[in-house]
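Survey of secondary and tertiary structure
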Amino acid sequence: MSEELFPEPEWLSEEVKTGTTIIAVTFDGGVVLGSDSRVSAGESVVNRVMNKLSPLHDKIYCALSGSAADAQTIAEIVNYQLDVHIGHSEDDPLVCSAATLVKNISYKYKEELSAHLIVAGWDRKKGGQVYATLNGLLSRQPFAIGGSGSFYINGFVDAEYRKNMTKRESQEFVVNALTLAMGRDGSSGGVAYVVTIDKDGAEEKCVLGNELPKFFDE
Amino acid sequence: IVSTFNNYNDLYPDWTQREVSTGTTIMAVEFEGGVVIGADSRTTTGAYIANRVTDKLTPIHERIFCCRSGSAADTQAIADAVTYQLGFHSIELDEAPLVQTAASLFREMCYRYREELMAGIIVAGWDPRRGGQVYTVPVGGMMTRQPVSVGGSGSSYIYGYVDSNYRAGMSKEECLKFTAEALTLAMERDGSSGGVVRLAVISEQGVERQVILGNQLPKFSTV
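Residues numbered from 1 in each chain as written. Chains lettered and ligands numbered in written order. Predicted model: local features only at pLDDT ≥ 70, side-chain atom pairs only at ≥ 80, totals over all residues. Heavy atoms only, no water.

Note the following rule: UniProt positions are given in the numbering used here, feature names are shortened, and annotations may be inferred rather than shown by experiment.
The name given to chain B in an unreviewed UniProt entry is Proteasome subunit beta, with Sinocyclocheilus rhinocerous as the source organism. Check the Catalytic activity (unreviewed entry) section of the UniProt entry for chain B; it says "Cleavage of peptide bonds with very broad specificity."

Per an unreviewed UniProt entry, chain A goes by Proteasome subunit beta and derives from Sinocyclocheilus rhinocerous. Note on chain A: under the UniProt heading Catalytic activity (unreviewed entry), the record states "Cleavage of peptide bonds with very broad specificity."

This is the structure in structure tokens:
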């Protein structure tokens, strides 16, 4: 006889993680960010429609991955710090400023936190930019991928990325990459959220599961 | 990973205490009339590259090869044992063995000794009954037939690429290009894979082998 008839499920004591696939790409005139929507605690999916693209300002977003609590908190704090940094100035903040604020928190508390945020946006000075802040580094890149699902699409993005894609091509590239990663990573799935940021502002879009592109499935 | 009670620190280099593993990226693709198999050429002991021109495509029979990943010692020993068993079986039958037979022999051994072994193997070849076939026998000892299969530490990075670029009914040349490109992408991202790309085509006509050197690999620049 087992000691407990209904032992407590593991996921009640497991930390909540955004298993995740996140990606951000620059195109001529702005950036496109994308993420999946699955939040898992152990084997259980606790939220299947979470939007992991969090606004830091009108034209600056960040993509969350790693521990859900850590990532959300960092985003909230930076959102506040960015407002303080702007003060009463009329100018929009630089993407670099937002990324640096994220990096400062990630680096200072790197032993306690386990979250990786990709910061991307548009500003007047340098146009569309993508910054990776993994583990407390700050690196500007043409595109960045993150999260557990990103391992599976390293080859794909290396092969398919080209400089100076149009807005439409970049959006397709992001959706394709997310779909492939969600197909292979058990911790990524659900729907795809896509945010496109250019000089006119940010446009959010949600691509449902059945609208995602189909790839060869063995 | 060998566990040590003495921590030598810097007295002896890391690689004197590490097991030799074929870090690896291996791949096999079926096409109409045969299979294309490919592998990188790096064998590592910890951070040291013990062999930078390894041949991980091992013949098991005239038209059956295996691609080895995992522990170099384990996979060599298993391949030797299966080569013997298959050769004996083929003489008994007096005809060419089936690829499925070879794969089953690998599976038997990998499953029976699963606790002691660390071996991920892809078996591929051509036989008159079913043409070109690819069977994968990953760590743990399951066996399944797949039209395209990737394995080894570098394979994680190219699942997305393989899923999006594979099409059924590719020609031999398209398969060769597809395999070379996929292996190159994996070698660029995986520290345990690298060196040259070794390819082989197995068909009714026999086996054609080729090597693509480092400077001749396809270029994917993201700069």
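Past the structure itself, the notes keep going.
Brief notes about helix α4 (residues 172–189) of chain B
Short version of the rule: Put simply, DSSP H or I for four residues or longer makes a helix, DSSP E for two residues or longer makes a strand, and each gets a number counted from the N terminus. The span one expects for a helix is its residue count, reduced by one, times 1.5 Å. Relative accessibility thresholds used throughout: buried, under 20% of the residue-type maximum; exposed, over 50%; partly exposed, between the two (1.4 Å probe, protein chains only).
For α4(B), built from 18 residues, the straight-helix expectation of 26 Å at 1.5 Å per residue is met to within 8% by its first-to-last C-alpha distance of 26 Å. Among the residues of α4(B), those classed as buried are B:C175, B:L176, B:F178, B:T179, B:A180, B:E181, B:A182, B:L183, B:T184, B:L185, B:A186 and B:M187.

What to know about the UniProt feature "active site" (unreviewed entry) in chain A
Residue and element names in this part refer to chain A. Using the following cut-off: Two residues qualify as a contact provided that any one of their heavy atoms is within 4.5 Å of a heavy atom in the partner residue. The definition of a polar contact used here is a pair of N or O atoms within 3.5 Å, where within protein one atom must be able to donate a hydrogen and the other to accept one, and adjacent residues in sequence count solely through side-chain atom pairs.
Mapped onto this structure's residue numbering, the UniProt feature "active site" (unreviewed entry) falls at T20. With respect to the element layout, T20 can be found in the loop between β1 (17–18) and β2 (22–27). A relative accessible area of 0% means that T20 is categorised as buried. Beyond its immediate sequence surroundings of up to four residues, T20 is in contact with D36, K52, L64, S65, G146, G147, S148, G149, S150, D185, S187 and S188. Polar contacts involving the side chain of T20 include one to the side chain of K52, which spans 3.0 Å.

What to know about the UniProt feature "active site" (unreviewed entry) in chain B
Residues and elements named next belong to chain B. The UniProt record annotates "active site" (unreviewed entry) at T24. Looking at the secondary structure, you find T24 in the loop between β1 (20–22) and β2 (26–31). Assessed through its relative accessible area of 0%, T24 is described here as buried. Setting aside anything within four residues of it in sequence, one finds T24 in contact with D40, K56, R68, S69, G151, G152, S153, G154, D190, S192 and S193.

What to know about the sheet that holds strand β13 (residues 206–212) of chain B
Residue and element names in this part refer to chain B. To be explicit about the condition: Only strands that DSSP links by at least two bridges are regarded as paired with each other. For helices, the fitted line uses only the C-alpha atoms of the stretch in contact; every axis is such a line through C-alpha atoms, and the angle between N-to-C directions lies from 0 to 180 degrees.
Reading across from one edge, β11-β2-β3-β12-β13 is the order of the 5 strands in this open sheet, with antiparallel pairing throughout. Each of the sheet's edge strands pairs with one partner strand only, and the pair in question is β11 (148–151) and β13. The sheet shows a mean angle of 15° between the axes of neighbouring strands, taken without regard to direction. Sheet analysis places strand β12 (residues 197–203) next to β13, joined by 7 bridges and oriented antiparallel. Counterpart to A200 in the pairing with β13 is R209.

Here's the deal with the side chain of A:H57
Among the structural elements, A:H57 can be located in strand β6 (residues 53–57). Setting aside residues up to four positions removed in sequence, A:H57 forms contacts with A:L82, A:D83, A:I86, A:D92 and A:P93.

Some remarks on the pairing of β12(B)
Residue and element names in this part refer to chain B. When you tally the buried positions in β12, you get 7 out of 7 residues, the bulk of the element. Residues V197, L199, V201 and S203 line one face of β12 and the alternating positions R198, A200 and I202 line the opposite face, and both faces are buried. Inspection of the sheet shows strand β3 (residues 34–39) paired to β12 by 6 bridges, in the antiparallel sense. Bridging from a neighbouring strand, I37 pairs with A200 of β12. Between β12 and β13, which follow one another and run antiparallel, lie 2 residues.

A short note on the environment of A:R124
Along the chain, A:R124 turns up in the loop between β8 (115–123) and β9 (127–132). For the pair formed by A:R124 and A:Y161, sequence separation is 37 residues and the distance between their alpha carbons is 24 Å.

Comments concerning the interface of chain A and chain B
Going by this rule: Defined in terms of a 1.4 Å probe, buried area is the accessible area two parts forfeit on being brought together, summed over both. We define a salt bridge as a contact between a side-chain nitrogen of Lys or Arg and a carboxyl oxygen of Asp or Glu at a distance within 4 Å.
Between chain A and chain B, the residue contacts involve 17 residues of the former and 18 residues of the latter. Summed over both partners, the interface of chain A with chain B comes to about 1,700 Å²; 59% of that surface belongs to carbon and sulfur atoms. The interface formed by chain A and chain B includes 2 salt bridges. We note a salt bridge from B:R189 to A:D158, for which the minimum N-O separation is 2.8 Å. Examining the composition of the side of chain A that touches chain B, we find that 6 residues originate from one element, helix α3 (residues 154–160) of chain A, more than from any other.

As for the pattern of salt bridges
Residue and element names in this part refer to chain A. Scanning the model with the defined rule gives 16 salt bridges over all chains in all. The salt bridge involving D36 is made with K52; its shortest N-O contact spans 3.0 Å. Linking D36 in the loop between β3 (30–35) and β4 (39–41) with K52 in the loop between β5 (44–47) and β6, this pair joins segments that are 16 residues apart in sequence. According to the relative accessible area criterion, D36 is buried, its value standing at 0%. Taking the relative accessible area as the measure of exposure, K52 reaches 0% and is therefore buried. A salt bridge links R168 to E172, with the shortest nitrogen-to-oxygen separation between them at 3.9 Å. Taken together, the residues R168 and E172, both in helix α4 (residues 167–184) and 4 residues apart, mark about one turn of the helix.

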